[in-house]
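Chain and residue survey
Listed below are the residues making up each chain.
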Amino acid sequence: MNPPLRATVPLLALSLLAVSCGPEEEPSWDVDVSVSELPSGPLASRQDHSLVWSGEELLVWGGHGATQHDSYADGAAYSPDTGSWRILPEVDLESRTRHSAVMVQDRMLVWGGFTPTHSGGPEAHLAGDGALYDMETDSWEPIAPAPGARSLAQAVAVGGHAVFGGGHSEQGEKGFLVYSPSEDAWDTVALDGVDDGFLVYDMQALDDEVVAVGGHSGGMFTVTFGPGDANASVRRVSGLEETGEELNLQVGLAASPAGEVLLAVRSEEGAKLYEVDGQGRADLVDEARHTGFRPPFSLATGALDAGETGFVDGLGLLATLSGEFSMWNPGAGTYRLQSEGLSGYCGPLEPAADGVLLGWGGLCETSGVRADITA
């Protein structure tokens, strides 16, 4: 894990006893959160951009303004240690939004997304190209085009590869795309045995494998594969309790340091946390109020408003969405903080170290924040 970052001067100190959407809520977890505003950045306000933590800096790139056709091809880096911004060099990529970005082999890979130019072909406005940004040399390197194009795809790094899944494809592609930076080459992992309406809800890296959760009208499934596999292993998740109307569900997946695969499912009745084994069997670990924890993927809106899920030592499950985050530590409770508690910030949030979240962007009054969390 990354070492703690140097604190900034707090604008707002919160000592909240868990989630509270109203005065009648009972506290469930004693958590201290200190929120401070980041210094103004050098970029124009935007949304649907990428945020990546490099280990030292928060890297921002792309996104769009008022409409998705009003996109950007620039970026900047923020250092919490110095409290300063720097501009990233120009890159030979068309402006884009709703792209994917992930750290792989100590470089940031930017790939895919929606561009303002129609290709004239079946991919329409979607991009299949990308580039790698090297922090040490402060330079970009183009990569080979992928065998497909997508926007809003999820991305994880595993075994020195970048893996992309889900999102929107004009060709209706369901499988996964795997990029090797050392070979500058792409592979595909087929997703067989699922309906055309299958959606990837969330995915994580676990050791040398990718673990994903997804589903369609026939149920919820786990998907596992390695970067060199030709086909993914798909198993129906069993043991989930009835959740009512499917479109009201929100789902998140995380891998703990102990190798546990944790699945959070939120419905109108409440939130439930499961541990899922290698056969797709789900065992209930904990339950919480509907307001207590908000997983990042909504079946109603799909990938458009999806956030991220992760696991933080001492805090447990961490889910981020635009303008909010929530945590779930079985035995301790749940905690959720929304935009009002983040100085009015409405953009994405990125874990930067144990108990530290950084955010920048969103078309709101506050352009960037830092949240220091102590449980």
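The sections below set out a description of the structure shown in this document. Remember, it's a predicted structure, so these values are computed and weren't measured experimentally.

**Remarks on the sheet that holds strand β4 (residues 58-61)**
Reading across from one edge, β3-β4-β5-β6 is the order of the 4 strands in this open sheet, with antiparallel pairing throughout. In this open sheet, the two strands that pair with only one neighbour each are β3 (50-53) and β6 (84-87). Direction aside, neighbouring strands of the sheet carry axes that sit 20 degrees apart on average. As judged from the 4 bridges shared by strand β5 (residues 75-79) and β6, these two strands associate in the antiparallel manner. If you follow Y78 over to β6, its bridge partner there is W85.

**A look at the sheet that holds strand β14 (residues 185-189)**
What the 4 strands build is an open sheet, ordered β11-β12-β13-β14; its pairing is antiparallel. Either end of the sheet is taken by a strand with one partner, and the two such strands are β11 (154-158) and β14. Across this sheet, the average inter-strand angle for adjacent strands is 25 degrees, counted without regard to direction. Pairing between strand β12 (residues 161-165) and strand β13 (residues 176-180): 3 bridges, direction antiparallel. Residue pairing across strands places V163 opposite V178, the latter belonging to β13.

**Overview of a negative patch on the surface**
Residues E56, D81, D106 and E136 make up a contiguous surface patch of negative charge. Along the chain, D81 falls in the loop between β5 and β6. Using a relative accessible area of 40% as the deciding quantity, one classes D81 as partly exposed.

**Here we look at the state of the cysteines**
Per the stated rule, a full pass over the model turns up 1 disulfide. Each disulfide pairs two cysteine sulfurs, and for C346 the partner residue is C364, the sulfurs being separated by 2.4 Å. Since a negative S-S torsion denotes a left-handed disulfide, the C346-C364 link at about -105 degrees is left-handed. Here the residue C346 occupies a position in the loop between β27 (333-337) and β28 (349-353), and C364 occupies one in the loop between β29 (356-360) and β30 (368-374), the gap between them amounting to 18 residues. Classification of C346 as partly exposed rests on a relative accessible area of 29%. Judged by its relative accessible area of 22%, C364 is partly exposed.

**A closer look at the environment of G167**
Note that G167 resides in the loop between β12 and β13. What makes G167 partly exposed here is its relative accessible area of 37%. On a C-alpha basis, the gap between G167 and R98 in space is 9.4 Å, while along the polypeptide they are 69 residues apart. Residue contacts for G167: discarding those within four places in its chain leaves S151, L152, A153 and A303.

**Notes on the packing of aromatic side chains**
Under the defined criterion, the tally for this structure stands at 13 aromatic pairs. Centre to centre, the rings of F176 and F225 are 4.6 Å apart; their planes meet at 45 degrees, and the pair counts as tilted. Of this pair, F176 sits in strand β13 while F225 is found in strand β17 (residues 219-225), placing the two residues 49 residues apart along the sequence. Exposure class is identical for F176 and F225. Each is buried. For the ring pair Y179 and W186, a centre distance of 5.0 Å and an interplane angle of 50 degrees mean the geometry is tilted. For the residue pair Y179 and W186, the accessibility class agrees, reading buried in each case. Put simply, the rings of W111, F164, Y179 and W186 touch in pairs and so form one group of aromatic residues. One cation-aromatic arrangement involves R46 over Y72; the distance from NZ or CZ to the ring centre is 4.0 Å.

**Section: the pattern of salt bridges**
Scanning the model with the defined rule gives 14 salt bridges in all. Its salt-bridge partner being R294, residue E324 comes within 2.9 Å of it at the nearest N-O pair. Linking E324 in strand β26 (residues 324-329) with R294 in the loop between β22 (282-288) and β23 (297-298), this pair joins segments that are 30 residues apart in sequence. A relative accessible area of 26% means that R294 is categorised as partly exposed.

**Some remarks on the pairing of strand β16 (residues 209-216)**
Along β16, 7 of the 8 residues are buried, which leaves the element largely enclosed by surrounding structure. When strand β15 (residues 199-206) meets β16, the two strands line up antiparallel, connected through 7 bridges. The residue of β16 that forms the bridge with D202 is V213. Counted along the chain from β15 to the antiparallel partner β16, the turn is 2 residues long, and its residue D207 has a positive phi close to 55 degrees. Counting the residues between successive antiparallel strands, the hairpin from β16 to β17 contains 2 residues.

**Quick look at unusual backbone geometry**
The phi torsion at A124 lies on the positive side, around 55 degrees, for a residue other than glycine. Relative to the helices and strands, A124 resides in the loop between β8 (107-111) and β9 (130-134). Given the relative accessible area of 12%, A124 is considered buried. Even without a glycine there, the phi angle at D207 is positive, about 55 degrees. For D207, the position within the fold is in the loop between β15 and β16.

Procedures and definitions
- Residues numbered from 1 in each chain as written.
- Predicted model: local features only at pLDDT ≥ 70, side-chain atom pairs only at ≥ 80, totals over all residues.
- Heavy atoms only, no water.
- Pairing = 2+ DSSP bridges.
- Helix = DSSP H or I, 4+ residues; strand = E, 2+ residues; numbered from the N terminus.
- Axes fitted to C-alpha atoms, helices over the stretch in contact; angles between N-to-C directions.
- Patch = residues over 30% accessible without salt bridge, like charges linked within 9 Å, V, L, I, M, F, W, Y side chains within 5 Å.
- Areas by Shrake-Rupley, 256 points an atom, 1.4 Å probe, with all protein chains shown as cover.
- Salt bridge = Lys/Arg side-chain N within 4 Å of Asp/Glu carboxyl O.
- Lys, Arg positive; Asp, Glu negative; His and termini not counted.
- Charge placed at Lys NZ, Arg CZ, Asp CG, Glu CD.
- Buried < 20%, exposed > 50% of the residue type's maximum accessible area, 1.4 Å probe, protein only.
- Disulfide = S-S within 2.5 Å.
- Contact = heavy atoms within 4.5 Å.
- Phe/Tyr/Trp six-rings, centres within 6.5 Å; stacked < 30°, edge-to-face > 60°.
- Lys NZ or Arg CZ within 6 Å of the ring centre and 35° of its normal.

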